[in-house]
Amino acid sequence: MTKYPKTAGETLVSIKDLRVTATTDSGRTIEILKGVSFNVRRGEVLALIGESGSGKTTIALSLLAYARAGCHFSGGRVLFDGVDLITLDEGARRKLRGNKVSYVPQSAAASFNPSKKIMDQVVEVAEIHGILDKASARDKAIGLFRSLSLPSPETIGDRYPHQVSGGQIQRLAAAMALLGDPELVVFDEPTTALDVTTQIEVLKAFKSAILDRGMTGVYVSHDLAVVAQISDRIIVLKDGEIQEAGKTEQIVGAPAHPYTQALISAFEPVEAKAAGSRLANGAVLEMRDVVAGYGNMKSDGKPHIIAVDGVSFALQRGHSLGVIGESGCGKSTLLRVAAGLLPAASGACVLDGKDLRPQVSARSKEELRKMQIVFQLADTALNPAQTVGNIIGRPLTFYHGMKGETRDKQVIELLDMVRMPAQFRHRLPRELSGGQRQRINLARALAAKPDVLLCDEITSALDTVVAAKVLELLKELQRELHLSYLFVSHDIHTVQSLCDEVMVMFGGKKLETFAAADLHAEARHPYTKLLASSLPTLDPGWLDNLKQDPELVRKFAHA
Amino acid sequence: MTVSTAPRRKIRFQIRPIAAVCLLVVLFWIIVALFAPLLVHYPAGDMVSYDYFGPMSKEYWLGTDYLGRDIYSRLIVGTRYTIGIAFVGLILAALIGITLGLLAAAFGGVFDTILSRAIDTFVGIPNLLLALVIVAGGGSSIPILIGAITVIFFPGCYRFTRSMAVNVNALDFISAARARGEGHFYIMIHEILPNIAGPIMADLGLRFVHIILLLSGLSFLGLGVQPPNADWGALVRENMIGISYGSPAVVVPSLALASLALAINLLIDNLPQRIRDQLE
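An account of the accompanying structure is given in this report. Everything quoted here is computed from the prediction, not taken from an experiment. (Residues numbered from 1 in each chain as written. Chains lettered and ligands numbered in written order. Predicted model: local features only at pLDDT ≥ 70, side-chain atom pairs only at ≥ 80, totals over all residues.)

In this section: the overall build of chain A. Helix and strand counts for chain A come out as 22 helices and 20 strands. Scaling as 2.2 N^0.38, a compact globule of 559 residues should have a C-alpha radius of gyration of about 24 Å, and chain A matches this with 25 Å. Across its three principal directions, the C-alpha atoms of chain A cover 70 × 55 × 45 Å. Within chain A, the proportion of its 559 residues that are buried is 45%. At a minimum sequence separation of 6, the contacts of chain A that also span at least 24 residues come to 69%. (Helix = DSSP H or I, 4+ residues; strand = E, 2+ residues; numbered from the N terminus. Rg over C-alpha atoms; globule rule 2.2 N^0.38 Å. Buried ≥ 20, exposed ≤ 12 C-beta atoms within 10 Å, placed from the backbone. Contact = placed C-beta atoms within 7 Å.)

Time to look at the pairing of strand 17 (residues 452–456) of chain A. All names here are of chain A. Here strand 17 lies mainly inside the structure; 5 of its 5 residues are buried. The side-chain alternation of strand 17 yields two buried faces, one formed by V452, L454 and D456 and the other by L453 and C455. Two strands pair when backbone bridges link them, and strand 16 (residues 371–374) and strand 17 are joined in this way by 4 bridges, in the parallel orientation. Opposite Q372, over in strand 17, you have L453 as the bridge partner. After leaving strand 17, the chain enters helix 18 (residues 464–481) and then returns to the sheet as strand 18 (residues 484–489), a path that is right-handed. (Pairing = 2+ DSSP bridges. Right-handed = clockwise from strand over helix to strand, strands pointing away.)

A few words on the sheet that holds strand 10 (residues 241–247) of chain A. Residues and elements named next belong to chain A. What the 6 strands build is an open sheet, ordered 6-7-8-3-9-10; its pairing is mixed. Each edge of the sheet is formed by a strand with only one pairing partner; in this case those strands are strand 6 (101–104) and strand 10. Averaged over all neighbouring strand pairs, the angle between strand axes comes to 15 degrees, with direction disregarded. Where strand 9 (residues 233–238) lies against strand 10, 6 bridges are found, and the strand directions are antiparallel. Bridge pairing in strand 10 places V236 opposite E244. (Axes fitted to C-alpha atoms, helices over the stretch in contact; angles between N-to-C directions.)

Summarising the element assignment, A:Q410 is placed in helix 16 (residues 404–417). Beyond its immediate sequence surroundings of up to four residues, A:Q410 is in contact with A:L396 and A:M402.

So, about the environment of A:I30. Residues and elements named next belong to chain A. By the element assignment, I30 lies in strand 2 (residues 29–41). By the C-beta count within 10 Å, which is 11 here, I30 ends up exposed. Separated by 10 residues in sequence, I30 and V20 place their C-alpha atoms 8.8 Å apart.

This part takes up helix 17 (residues 434–447) of chain A. All names here are of chain A. In this model, helix 17 (14 residues) spans 20 Å end to end at C-alpha, consistent with the 20 Å of a helix rising 1.5 Å per residue. With 11 of 14 residues buried, helix 17 is to be regarded as a mostly interior element. Inspection of helix 17 places R437, Q438, R439, I440, N441, L442, A443, R444, A445, L446 and A447 among the buried residues, and these make up the whole buried set. Along its buried surface, helix 17 packs onto strand 16, helix 14 (378–381), helix 15 (388–400), helix 16, strand 17 and helix 18. Looking one or two residues past helix 17, K449 carries a phi angle of roughly 55 degrees, positive in sign. (Expected span 1.5 Å × (residues − 1).)

Looking now at the nonpolar core. What tends to happen in soluble globular proteins is that the nonpolar side chains get buried as a cluster. All names here are of chain A. One finds A338, L454, L486 and F487 to be the most contacted residues of the largest nonpolar core, which totals 157 residues. Each residue touching F487, except ones within four places of it in the same chain, is listed here: S320, L321, G322, V323, C455, V495, L498 and C499. Residues L46, L48, Y219 and I235 belong to the second largest nonpolar core, which totals 77 residues. (Core = buried A, V, L, I, M, F, W, Y, C linked by C-beta atoms within 7 Å.)

This part covers the packing of helix 15 of chain A against helix 16 of chain A. Residue and element names in this part refer to chain A. Taken N-terminus to C-terminus, the directions of helix 15 and helix 16 make an angle of 115 degrees; their axes are 9 Å apart at the nearest point. The interaxial crossing formed by helix 15 with helix 16 has right-handed handedness. The residues of helix 16 that touch helix 15, namely those facing G389, I392, G393, L396 and T397, are R407, Q410, V411 and L414. Looking at the contact of helix 15 with helix 16 residue by residue, the class counts come to 4 nonpolar, 4 polar and 1 charged. (Left-handed = near helix turned anticlockwise from the far one by under 90°. Nonpolar A, V, L, I, M, F, W, Y, C, P; charged D, E, K, R; others polar.)

Turning to the sheet that holds strand 19 (residues 501–506) of chain A, a few remarks are in order. All names here are of chain A. Taken in spatial order, the 6 strands of this open sheet run 16-17-18-13-19-20, and their pairing is mixed. Two strands bound the open sheet, and with one partner strand each, they are strand 16 and strand 20 (509–515). Averaged over all adjacent pairs, the angle separating strand axes in this sheet is 15 degrees, with direction ignored. Strand direction decides the pairing type here: strand 13 (residues 320–324) and strand 19, joined by 4 bridges, are parallel.

If you want it as C-alpha cells, here you go:
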C-alpha cells in the first residue's frame, strides 16, 4: 500500500520476549503476555489482531511504557529507538508519552474532558512538552483537522466534545495524538464503537493521514477486515502469544496458522437462503403501525422523543426476520416494545392471532411464555448472584411449575441443547466466558418453550469465531424446535446468514423489507445499498476502490 | 445421565491482618455482652468499696467509681446495654430502611418520589436533636431509646439501599425478569437483594458505630440508660470528675467505646476486595 516513498527498513521499536503478569482479587497470578517478540520498522503500520483477552491492548500500552492497574512487566524488553522503556523512571516515561509515542483510544468520547473546549485539549500536548507555543499549536491543529477531513476545521475546535459526532470526536482524538509529531502512534480499536458508514469516513481519514506523513503506527483491532485496509503487516495473537505474523496480503490471502484460518473463514461470504425456499405458513408475530418512544406524552398522544415511528411487520412461523440499522435507528426499542418492556404509544402487537396488551404487566403468563427476549450483553443479562442452574431453572418453575429433580433434569437437557456440559449448572456467571454466558442467556429463553425469540444484537459483543458458533447454534435450534426469530443487528452479514427476511430501519422508520437473498438486487433502497457497501472486506484494496455517492453519505451517515 | 451434586464453593478471600485483629476485638465485645452475667464480680449497682475512684487492684480489677462501685462489673453490664440497644435499634432501622428502599427501587415512579421526599424530611433534622425530642416526649426507657434509634437511622438505610438497588434495577437481568412476567416482590428479593447484600452489610456496620456514639452521647447528657444501670456513655459521664484524680473509672469506658468504634470502622475499611468493589 506504499503510495509514498517510505524510509522503511530501520527498526524503530523492538519488543523482546515481553511478559506481563496480573494479580487477581484472590491473589492468583496470571500471565497476560507469555513472551512476545516483534519489531516495528519506521514508516510501517503494524496491526495487532486477536480476540478479547488475547493481550493486544496490553502490548499496545507497553509501547507507552504503561501497564494497567494490577498488571506489571515481569520480563523482556521494549526497545524504542534503542532505549528500554521498561527501565525508564516515571519522569522519563512522561516525557515520552504524547511526545514520541502517542495514543488514540477506543472511546475518544470518554477521553475528552466534557467541560473544556476541544481545541484547548488538542493543543495541551504541545504545551505540556513545550514543543510549540499556543498560536502555532493552534495553526497546526487546524491543519490536522483539515487533513483528517473534519468539517469547518477553523471553528470545530471552539466546540465542546458533546457538540460533535462520534466519528468526528474519534478523528479529533487522532489529531490530538498527531500534534506532537510522534514517531509512533498507537491506535487502540479506534473505529470499533462506530457505525459502519461512519467507520469508513474515519478509516479513510486515518489512512490518508498515515500515508501523507509516512507515519509509523501500531493498530490494534479485533476486525481483520478493518486491519487489512490500513496495515502493512499483521500479527495474530491468542492468549498472550503470537500465533502468526506476516505481510497483510499473506495473512489475508494465505493464512498458515489454523487460528488465523478460523478467523478468516468467519468472513467468507455466506450463502443467503434463497427467496421463498420455505413457504410462509401464517404470521406468528405481527406488529402494525407501532409508535413508541421515551419521555412524557405530548398533547397529540405521542411520546416526546419518538424512537419507533409507525413500523409494521409480520414474522412468519418458523422463519427469521432480521432488523438492521445503525445505532439510534430504533431497532432495539422495537424489540422492547414487542416484549412489553416499553409500552407502545399506539399501534397493535399481535401474537398467534391474539392482540397483546402494550404493558408486560397486563399480558397473561401464557402470552409472555410464547415470546422470550435475549439481550445483547450476557454479562448484565445474567444475575451475578445466581448459579446457572437457578438462572435457567427459574422460567421452568415460573411457567411450567417444575420443581426439584424434574427441574434439575430439564436444566441439564437445556444445557445440552446449547452444547454445554451439565456440570456448568453449579457455576456462577462470572465463572463463564463471554460465549458461554450468551449460551446460558439463550438457554434461559428456551426454558420457557417459546414460539418467538426476540434477539437483541446477541452476537455483537462476542469475538468473531465465538459469534459464528452461536449463530450456528441458533440455526440448529430453529430447525429442531421450529422457532421464529426476530433478530436485531447492525451487522448485515450476520443477518443475511441467519434470516429469511430483512427489514431496514432508519431514524425510527422502516425503509423496506426484502428476502435476504435479494440484498444485492438493483431495486434496493439507496440506504440499504450504502449499508451493504460500507462493510469492509478482506481485500486490502477495498477502501481505496470504494466508491460511494457523497450525496447519499451526507444524507444518511452520521459522521 | 449422572446427576452431580453441587461442589462446595471455596471462598477465596484474602484476609488482611488488620481486619483479623479488628474482627477479634468486635467478637470479644460481643462475647462479653452475651455472657455478662457470668463475668461480673459484684452486682453492678452495689457499693462495694469505701474507696471512691479507687485504683486497679486484685479485688477491683478496673478500680472503683465515684460511689465505690466496681468498674469492671459495671463495664461488663454496660456492654450489654450499649451493644444490645444499638443492635436491636440497628436491626429495626435496617428492616424498615431496606424494605422501603427495595420497594422504592422496584416500583419506581411516583411512589419512589413521594417516599424519598418524605424520608428526606427526617434527614433534615439533626440526629441528636431528634433523639432529645423523642426522649423528652416519651421519657427515658429502653424501648423509647430503641424507638428513637430506629427513627433516626432508618432514613440512612433507606437511602443507601435505594441508591444501590436503583443501579441494579437498571441492568438487563432485571429487564429479563420483568419480560418473563415476574412480580415486583420476586424481583426485589431474588434478583436485586442478593446483589447488594454485601455493601448493605458493610454500611450497617458503619451505622452501628454511629448508633453507639449517639447512644453514648445521650447517656452522657443523662438521657440514656438511667441509674443505677449505666451504659458506656453514662459511665464516662458519672465518673467525669475522676479524671483529675487519674482514676481508671473514666478512662476505661472511654477506651472500651473507642476500641469498639475503631475496630468496626477499620474492619469495614479492610473488607475483602470483592465486597469493597461493590461498595464503590
